[in-house]
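The chain contents come next:
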Number of protein chains: 2
Amino acid sequence: MAKRNLYLKTTPVEEAGEKYMQALEEAGCLKPQTEMTDTYESLGRITVEPVFAKCCSPLFNAAAMDGIAVKSTETAGASEERPLTLEPGTEYKIIDTGDPIRAPFDAVVMAEDVTEEVGSDRVMITRSVPGWQHVRPIGEDIAAGEMLLPSHHRIRPVDIGVLLAGGILSLKAFKKPQVSIIPTGTEIIMPHENPAEGDIIDSNSGMFAAMVAEAGGIPHRCGIVPDDYEQIKKTVLREIKNSDMVIINAGSSAGTEDYTVHVLREIGDVIIHGVAMKPGKPVILAIVQGKPVIGLPGYPVSAYLAFENFVEPVLQKISGSNRGSRNTARKTVKAVLSKRIVSSLKHREYVRVKVGKVGDKFVCAPLARGAGAAMSLVRADGFCVIPQESEGFEAGETVDVELYTDIAQIENTLVSIGSHDMIIDVMNDMMAERFPGMNLSGTHVGSMGGLMALSRGETVIAPTHLLDEETGEYNISYIEKIFPGEKMALIKGVDRIQGIMVKKDNPLNIKGVEDLTRARYVNRQRGAGTRVLLDYKLKQAGITPDMINGYDKEAATHMAVAALVASEEIDAGMGIKPAADAMGLDFIEVGTEEYDFAIRQENLELPQVKAFRQILQSEEFHEKLEKMGGYGWHQAGRIVMIKG
Amino acid sequence: MAKRNLYLKTTPVEEAGEKYMQALEEAGCLKPQTEMTDTYESLGRITVEPVFAKCCSPLFNAAAMDGIAVKSTETAGASEERPLTLEPGTEYKIIDTGDPIRAPFDAVVMAEDVTEEVGSDRVMITRSVPGWQHVRPIGEDIAAGEMLLPSHHRIRPVDIGVLLAGGILSLKAFKKPQVSIIPTGTEIIMPHENPAEGDIIDSNSGMFAAMVAEAGGIPHRCGIVPDDYEQIKKTVLREIKNSDMVIINAGSSAGTEDYTVHVLREIGDVIIHGVAMKPGKPVILAIVQGKPVIGLPGYPVSAYLAFENFVEPVLQKISGSNRGSRNTARKTVKAVLSKRIVSSLKHREYVRVKVGKVGDKFVCAPLARGAGAAMSLVRADGFCVIPQESEGFEAGETVDVELYTDIAQIENTLVSIGSHDMIIDVMNDMMAERFPGMNLSGTHVGSMGGLMALSRGETVIAPTHLLDEETGEYNISYIEKIFPGEKMALIKGVDRIQGIMVKKDNPLNIKGVEDLTRARYVNRQRGAGTRVLLDYKLKQAGITPDMINGYDKEAATHMAVAALVASEEIDAGMGIKPAADAMGLDFIEVGTEEYDFAIRQENLELPQVKAFRQILQSEEFHEKLEKMGGYGWHQAGRIVMIKG
């Protein structure tokens, strides 16, 4: 068997960062470059040195009001009883706001306080005026030589305004760092609409390029380099010439084809290989020819977290910024964990979570943990750090969550935990459209998981479709049993046709549940309403789980089941028709079920819940359901009160 | 006298905004346009419709670990006592993380759990494995047909990652609105390093262009249009053709040359003219040929606030964004006001403030109130809104402040209120350089104002240079009098040479304070140490204030005094040598004074104060003082304890 480097010795996260920054400092890598930049183009740029005004603003004594300019000393003694008459030209002059006030004039009387003498050009005023009344003296706002902006200041629109007013047409700014991004991997291909089996799309380069841009750098995406020692080495050496920093993606672990660390050891210094964080372990922090070179792992979540923790702080430094990286700017809230998290003592783990507010407390539910779960980053409202020395947290514990999402948005979110259906995504999209600022946050843990979360106060609504085998009724009896004596309700949702998804043209001729003994099956997770329905039907047909090949294989959503049935490995799985249609599968109806939303009566009046019901009852929503197929909506949005 | 439209009838702020948005809605102005955009270029763009994945991720059942692929069903019964031997090719296959797991294989055993048989290619495992162990099934992260992003979603780097992974190479996004910016005014010139007297630099266009870019639009700055009805009309009609929105700057009030509203009334509909806000009153909200046209006032602060309140919400809508404008995203804190604010009942006023934290409370000090005080926007940490129906707030009252600056940065700020010197700016700049994240926040209210603020707990340090006429000593006796019995201290600062600034070559032959009776003078504000020194010297010379022409004219800083002495209107003013040097003035020494920092002993150990003292004692700082001239630093940073 080919030799592997089985064990990656890992360094704790903070220590790795500090060691690397120190090594970069000592190697002189962190000196940012500078360039002149046009003031008009300087938004977001960072000043290298303090900027001093070249000219004053106002440039001259200027009228602050519309009216007349007068000589202040000559107005002494004017009053209502003894108004002062002034001659045009020698004693007063009409001026508008902003006009220069020149000697001998040195004050302004507002137009409203001036009376015209009938039949002449003379005017009358009824009060004496002090010197510089309603006059903005030279330099009142900006004096030539005054410091307008300090160094290391990130230029905002208001700064551009004063630079221009102060006569500064260009200024020295820190150069934006050039960052090369090198994707590696023989099996990696450029993003493609129809990738072939075995291909892995390079999605990280595009993500990194955007992260570099957000951090104030200029990204350069390179072509994909295969798993070849010499080619990787050549590419790094080429990019190092013209860039300030190089990122190499994938090939950074200890697998048979992970050459990156060996290349970097040959052409430079590897300061750190392996960090005690999960996801993100196989990070390489190196210096080559006086420039930072970082190897990031291939899995998207690992790549993202490693970029944030190690690439960004370096980028901040070499871009001349001295504000903290985005991590330090995030808000942290305390939230109640709705599901147990178990973690190893080998590393610090970053668990992505959805966050909601139920009543006056924040609650959070962990998303998919895997390093490849890119959608967990898209859906995450924040993350919970499990320190290296901790083995995890129990459900119900209060944890610290660092937020990606604004607290204001979280407070406007309708929290939903329970059974998955595509209509959750559709309703979230409609909410964003019709109720700007509100959104629907769905965590998919199956019907039972949802009702449990509801009982613990961790969700507002719980989508559920649980069949009571004895009564043949849906949902109500479960709610009565789980919430005895409590004031509950059911917001009616949709009827859904459940069935068996099979390959196109049904090659195994599956007619019903009894035929599943002939198929390679994929199940749903425990507690999923679909799985409960399967068990019911199997029982009716006298079939036991061990008679179904693949009963123990689990997929988390209808779409995932459909994707698997469309693949070579699986022949059948239960789910809803729209998922089957999306993958071009055949569909054998098994029955209709009711997909509803359990809720506590006290929450029925929440604005988000009212918005939710409005959407359920809207014609637009019904049209979408019609288009998707397999749904009935005649009761959608209706409230059924349940006495526990 | 030329006819003026003296009175601008004003509408309350919220009502003006709502009326305008409603009018725009009814005129069909708020429908954003769309275009296809390359996924790689889509950072920050907003989705028009939900985006569904085209392909799965993973695309195939993929190994989640390095190791061997096996057939799960054939591993039943394997144990430590009865290890299972597997043949290469038929019974196992070496795989790396990410490799496809194809039939007949359906599970992975980690490399660490595999033992090689000595002298052959066979391997042994000691545990049975369930189906899909360490396998990431097809579609586990993204299933084809699944919704990746909802509509009205602003694309982030993680979104680009999943779009690419899901096979989406381009998507429909809202077009960035094109916004024309038309500066008007016969006296306005393009920004220039050496403007002539009477010129007013157009600094607003550059600021607006940056604000448009920040709000997601594409700005077009037009050439300056003079105060000419026909030319303004022609320019607006020309720009309306190719832009989605037009901003006209200046000429928006009721002065003799304010044509904008008349032009817009002719070619379109003026919905609002005049808003009850200060600064910002002369705003025009109009619709021309189905597009929004907004007239913004000429003064920079008015322009900025009017842009935020009226241009931005429209821009948000026509760019397809449905998040709130920047106002709604701001944090608000409660802060104690250090200085009385008086406001009229005619309008809502936006008072810019500096904010600091002293002990555990936030304190705020108002900045210059004028509509032309652009530097007040640069220096502001936030603003305090004085509602239309309020007449203001008293010093010591707690007010709501909407923050521009991060709370974290405010908490890292050393608050300084008191006498102004250029070294405050220099030290702030050095703090930004040496202590990233920290800064020095200086509010200039004169020495007495600073000590008063210190006594009320509204500042940490108070720069002061107050001469005790009886003892000839500086600062200490004032602190003893104002803080009897309290544990105070003085951080020694610098010696400063004070003197009289006069024009180059001293045309009036000023030799000392006694000669000021022959000059046009400009004074400093009450409570300023420089004014106290002048009064002392005048008293010594037997001169009374009324003998000095201009004793009642006040400038707020040394630089402002210098700028005035350099102008035609003023002959002399007191201040420090570096300010005179900056404007090329002659300087007649009057005496040396001590410029120190009063502080409570309990605050001496704050990190910001320690950093401050380090800077005072640093060689770099002393070199800068040497260069500026007129300073002595032999005691800088030393602490003098004062028993009250």
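Residues numbered from 1 in each chain as written. Chains lettered and ligands numbered in written order. Predicted model: local features only at pLDDT ≥ 70, side-chain atom pairs only at ≥ 80, totals over all residues. Heavy atoms only, no water.

Visitor: Any chance you could explain the domain arrangement of chain A here in plain terms?
Guide: A common way to express how large an interface is: the accessible area buried when the components associate. Per the domain assignment, the segments making up chain A are domain 1 (13–33 + 176–318), domain 2 (34–57 + 141–174), domain 3 (62–136), domain 4 (332–411) and domain 5 (431–438 + 464–643). Of note, the centres of domain 4 of chain A and domain 5 of chain A, computed from C-alpha atoms alone, are 27 Å apart. (Domains from an automatic or database assignment.)

Visitor: I keep staring at the interface of chain A and chain B and nothing clicks. Help me out?
Guide: Contact with chain A, which involves 115 residues of that partner, is made by 116 residues of chain B. Roughly 9600 Å² of surface becomes buried between chain A and chain B when both sides are summed, with 62% attributable to carbon and sulfur atoms. Our count for the chain A to chain B interface comes out at 4 salt bridges. Here Asp106(A) makes a salt bridge to Lys553(B), at a shortest N to O gap of 3.2 Å. Between chain A and chain B we count 16 residue pairs in polar contact (both at pLDDT 80 or more) in total. For the side of chain A that touches chain B, the secondary-structure elements that each account for two or more residues are strand S6 (93–95), strand S11 (147–149), helix H2 (157–165), strand S15 (200–201), helix H3 (204–214), helix H8 (374–379), helix H10 (422–434) and helix H14 (558–565) of chain A. (Contact = heavy atoms within 4.5 Å. Buried area = accessible area lost by both parts, 1.4 Å probe. Salt bridge = Lys/Arg side-chain N within 4 Å of Asp/Glu carboxyl O. Polar contact = N/O pair within 3.5 Å; in protein donor to acceptor, adjacent residues only side chain to side chain. Helix = DSSP H or I, 4+ residues; strand = E, 2+ residues; numbered from the N terminus.)

Visitor: For this particular structure, what's the right way to read the sheet that holds strand S5 (residues 84–86) of chain A?
Guide: Where strands meet in a sheet, backbone hydrogen bonds hold them as pairs that are either parallel or antiparallel. All names here are of chain A. Spatially, S5-S9-S8 is the arrangement adopted by the 3 strands of the open sheet, whose pairing is antiparallel. Pairing within the sheet leaves two strands with one partner each, and these edge strands are S5 and strand S8 (115–116). In the sheet, S5 pairs with strand S9 (residues 123–125) via 3 bridges, with the strands oriented antiparallel. Note that in S9 the partner of Leu86 across the bridge is Val123. (Pairing = 2+ DSSP bridges.)

Visitor: Whenever I open this one, the relation of the copies chain A and chain B confuses me. Can you help?
Guide: Each copy superposes on the other: chain A lies on chain B with an RMSD of 0.1 Å after a rotation of 180° and an axial shift of 0.1 Å. The operation mapping one copy onto its partner corresponds to a two-fold rotation axis. For chain A, the smallest separation between a C-alpha atom and the rotation axis is recorded for Lys331(A), amounting to 6.0 Å. In this assembly the copies share their binding face: 100% of the residues contributing to the interface of chain A also contribute to that of chain B. (Least-squares fit on C-alpha atoms with pLDDT ≥ 70 in both.)

Visitor: In this structure, what is going on with the side chain of Glu458(B)? I would like to understand it.
Guide: All names here are of chain B. Counting through the fold element by element, Glu458 comes out in the loop between helix H11 (446–455) and strand S31 (461–464). Exposure remark for Glu458: the relative accessible area of 2% places this residue in the buried category. At 3.1 Å, the side chain of Glu458 and the side chain of Arg456 are in polar contact. Those residues in contact with Glu458 that sit more than four places away from it in its chain are Val336, Leu337, Ser338, Val358, Val363, Val415, Ile417 and Ala453. (Buried < 20%, exposed > 50% of the residue type's maximum accessible area, 1.4 Å probe, protein only.)

Visitor: Hey, could you run me through the pattern of salt bridges in this one?
Guide: One side chain can pair with another of opposite charge once the charged atoms of both are near each other. Taken as a whole and assessed by the stated rule, the structure comprises 68 salt bridges over all chains. Residues Lys624(A) and Glu620(A) are paired through a salt bridge, measuring 3.9 Å at the closest nitrogen-oxygen approach. Separated by 4 residues within a single helix, Lys624(A) and Glu620(A) lie in helix H17 (residues 619–628), roughly one turn from each other. Residue Lys624(A) is classed as partly exposed on the basis of its relative accessible area, which comes to 29%. Of the residues examined, Glu620(A) reaches a relative accessible area of 31% and is grouped as partly exposed. A salt bridge links Lys492(B) to Glu594(B); its shortest N-O distance comes to 2.7 Å.

Visitor: Which parts of the structure should I look at to understand helix H1 (residues 13–26) of chain A?
Guide: One full turn of an α-helix is made of 3.6 residues, so residues set three or four places apart face in the same direction. Residue and element names in this part refer to chain A. The end-to-end C-alpha distance of H1 is 20 Å, a good match for the 20 Å that 14 residues give at a rise of 1.5 Å each. Val13, Ala16, Gly17, Tyr20, Ala23 and Leu24 are the residues of H1 that are buried. The buried residues of H1 occupy an angular sector of 135° when projected down its axis, which confines them to one face. H1 presents Glu18, Glu25 and Glu26 as exposed residues on the side facing more than 90 degrees away from its buried surface. If you follow the buried residues of H1, they end up packed against strand S18 (269–273), strand S19 (277–278), strand S20 (284–288), strand S21 (291–296), helix H6 (300–318) and strand S24 (348–358). Gly28 sits one or two residues past H1 and shows a positive phi near 70°. (Expected span 1.5 Å × (residues − 1). Arc of directions from axis to C-beta.)

Visitor: Help me understand the side chain of His558(A) in this model?
Guide: Residue and element names in this part refer to chain A. Of note, His558 is situated in helix H14. For His558, a relative accessible area of 0% corresponds to the buried category. Excluding anything up to four places from it in sequence, His558 contacts His420, Asp421, Arg496, Gln498, Met501, Arg524, Thr530, Gly575, Ile576 and Ala579.

Visitor: Please explain the packing of aromatic side chains as it appears in this structure.
Guide: Aromatic ring pairs are reported here in terms of the distance separating the ring centres and the angle at which the planes meet. Under the counting rule described, the total for this entry stands at 14 aromatic pairs over all chains. Arranged with centres 5.7 Å apart and planes meeting at 50°, the rings of Tyr350(A) and Phe383(A) form a pair that is tilted. Placement of the pair is Tyr350(A) in strand S24 and Phe383(A) in strand S26 (residues 382–386), with a sequence separation of 33 residues. Phe383(A) shares its class with Tyr350(A); the two are buried. Centroid distance Phe208(B) to Phe307(B): 5.8 Å. Interplanar angle 20°. Geometry classified as stacked. Of the two residues, Phe208(B) sits in helix H3 (residues 204–214) while Phe307(B) sits in helix H6 (residues 300–318), which places them 99 residues apart along the sequence. (Phe/Tyr/Trp six-rings, centres within 6.5 Å; stacked < 30°, edge-to-face > 60°.)

Visitor: When you look at the pairing of strand S25 (residues 361–366) of chain A in this model, what are you seeing that I'm missing?
Guide: A regular strand places its side chains on the two faces of the sheet in alternate fashion. Residues and elements named next belong to chain A. Across the 6 residues that make up S25, a large majority, 5, are buried. Pairing of strand S22 (residues 332–337) with S25, which is carried by 3 bridges, proceeds in the parallel orientation. If you follow Leu337 over to S25, its bridge partner there is Cys364. In this structure, S24 lies alongside S25, joined through 6 bridges in antiparallel fashion. In the strand pairing of S25, Val358 is matched with Lys361. Hairpin remark: S24 followed by S25, antiparallel, with 2 residues in the connecting loop; positive phi at Gly359, about 65°.

Visitor: When you look at the confidence of the model for chain A in this model, what are you seeing that I'm missing?
Guide: In regions of low pLDDT, the predicted coordinates are not meant to be interpreted in detail. Residue and element names in this part refer to chain A. On average, chain A scores 91 in pLDDT, and the residues at 70 or more come to 96%. Mean pLDDT across the elements of chain A bottoms out in helix H7 (residues 326–329) (57) and peaks in strand S16 (residues 218–221) (98). Predicted as a complex, the structure gets a pTM of 0.87 and an ipTM equal to 0.89. (pLDDT = per-residue confidence, 0-100.)

Visitor: What am I meant to see in the packing of H10(A) against H17(A) here?
Guide: Packed helices, taken two at a time, are described by their axes: the angle between them and the distance between them. All names here are of chain A. Packing of H10 against H17 brings their axes to within 11 Å, and their N-to-C directions diverge by 145°. Judged by the sense of rotation from one axis to the other, the crossing of H10 with H17 is right-handed. Across from Met422, Ile423, Val426, Met427, Met430 and Arg434 in H10, the residues of H17 making contact are Glu620, Phe621, Lys624, Leu625 and Met628. A per-class count over the contact of H10 with H17 returns 8 nonpolar, no polar and 3 charged. (Axes fitted to C-alpha atoms, helices over the stretch in contact; angles between N-to-C directions. Left-handed = near helix turned anticlockwise from the far one by under 90°. Nonpolar A, V, L, I, M, F, W, Y, C, P; charged D, E, K, R; others polar.)

Visitor: Is there a simple way to explain the sheet that holds strand S8 (residues 115–116) of chain B in this structure?
Guide: Reading across from one edge, S5-S9-S8 (chain B) is the order of the 3 strands in this open sheet, with antiparallel pairing throughout. This sheet does not close on itself; its edge strands, each paired only once, are strand S5 (84–86) and S8 of chain B.

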